Amino acid sequence: MPESQADCLFCKIALKQIKSDIVYEDEFTVAFNDINPQAPVHILIIPKTHYATLDDVDDHGIYTPLFDTIAKIVGMKKLKSDGYRVVANCGSNGGQAVNHIHLHVLGGRPMKWPPG
Ligand code: AMP
Ligand code: ZN
């Protein structure tokens, strides 16, 4: 699996080749504000390594830093007391539009269930 893929939007964001509103970054992950926010807090967390979809992940070790970053964002944005939602869309039925895995962290308003 390549570290990054030349034609991938989120690889370009991770490499700072495309500008984004980064709120947190560490060795393995980048978190940035979604360009089309669906809640007062809507942050995307990506691994710096390129995996197109959840089905392509061949090293489940990548999930630990992603979930560590969720905890950091929750603390940073003070989401713990009111709660929040974490979403990972996969493939066409899942509504995945960008083929570099990402977690949506949504907060700041009550969420409905089931999702659309
Ligand atoms: P998904 O449907 O799960 O693939 O979500 C892709 C998300 O990426 C959407 O919520 C988009 O608004 C968001 N998005 C697309 N391009 C950018 C960008 N350049 N910067 C920040 N967020 C983006
Ligand atoms: Zn990528």
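Scroll up for the structure.
Rules used throughout
Residues numbered from 1 in each chain as written. Chains lettered and ligands numbered in written order. Predicted model: local features only at pLDDT ≥ 70, side-chain atom pairs only at ≥ 80, totals over all residues. Heavy atoms only, no water. Donors = N, O, S within 2.8 Å, 3.2 Å for Na, K, Ca; no water. Tetrahedral: all angles 85-135°; square planar, octahedral: opposite > 155°, others 65-115°. Buried < 20%, exposed > 50% of the residue type's maximum accessible area, 1.4 Å probe, protein only. Salt bridge = Lys/Arg side-chain N within 4 Å of Asp/Glu carboxyl O. Pairing = 2+ DSSP bridges. Helix = DSSP H or I, 4+ residues; strand = E, 2+ residues; numbered from the N terminus. Axes fitted to C-alpha atoms, helices over the stretch in contact; angles between N-to-C directions.

Asker: Tell me about the coordination of the zinc ion (ligand 2), and please be specific about residues and values.
Answerer: Within the first shell, the zinc ion (ligand 2) binds the protein through Cys8 (SG), Cys11 (SG), His50 (ND1) and His100 (ND1), at distances of 2.0 to 2.3 Å. Geometry at the zinc ion (ligand 2) is tetrahedral, judged from the four donor atoms that bind it and their angles of 106 to 115° at the metal. The sequence motif formed by the donor residues of the zinc ion (ligand 2) is C-x2-C-x38-H-x49-H. The pair Cys8 / Cys11 is uniform in exposure class, with both members buried.

Asker: Give a description of the pattern of salt bridges that names residues and reports values.
Answerer: According to the stated counting rule, one finds two salt bridges in the structure shown. Here Glu25 ties to Lys16 by a salt bridge, and the two come within 3.0 Å at their closest N and O atoms. A residue is classified by how much of its surface remains accessible, and Glu25, at 32% relative accessible area, is partly exposed. On the basis of relative accessible area, Lys16 is assigned to the partly exposed category, the value being 49%. Glu25 is the partner of Lys48 in a salt bridge, and the nearest nitrogen-oxygen pair spans 2.9 Å.

Asker: I'd like a rundown of the sheet that holds strand S1 (residues 22–25), residues and numbers included.
Answerer: Read from one edge of the open sheet, five strands run S1-S2-S3-S5-S4, paired in antiparallel fashion. The strands lining the two open edges of the sheet, one partner per strand, are S1 and strand S4 (84–87). For this sheet the average axis-to-axis angle between neighbouring strands, irrespective of direction, equals 20°. Of the pairings in the sheet, the one linking S1 to strand S2 (residues 29–33) comprises three bridges and is antiparallel in character. In the strand pairing of S2, Tyr24 is matched with Ala31.

Asker: Which residues make up the pairing of strand S5 (residues 103–107), and what values do they have?
Answerer: For S5, a buried count of five out of five residues is recorded, marking the element as mostly surrounded by other parts of the structure. Side-chain alternation along S5 places Leu103, Val105 and Gly107 on one buried face and His104 and Leu106 on a second face that is also buried. Pairing of strand S3 (residues 41–47) with S5 involves five bridges; the strand directions are antiparallel. Paired with His42 across the two strands is Leu106, which belongs to S5. Where S4 and S5 come together, four bridges link them in antiparallel fashion. Looking at the pairing, Val87 lines up with His104 of S5.

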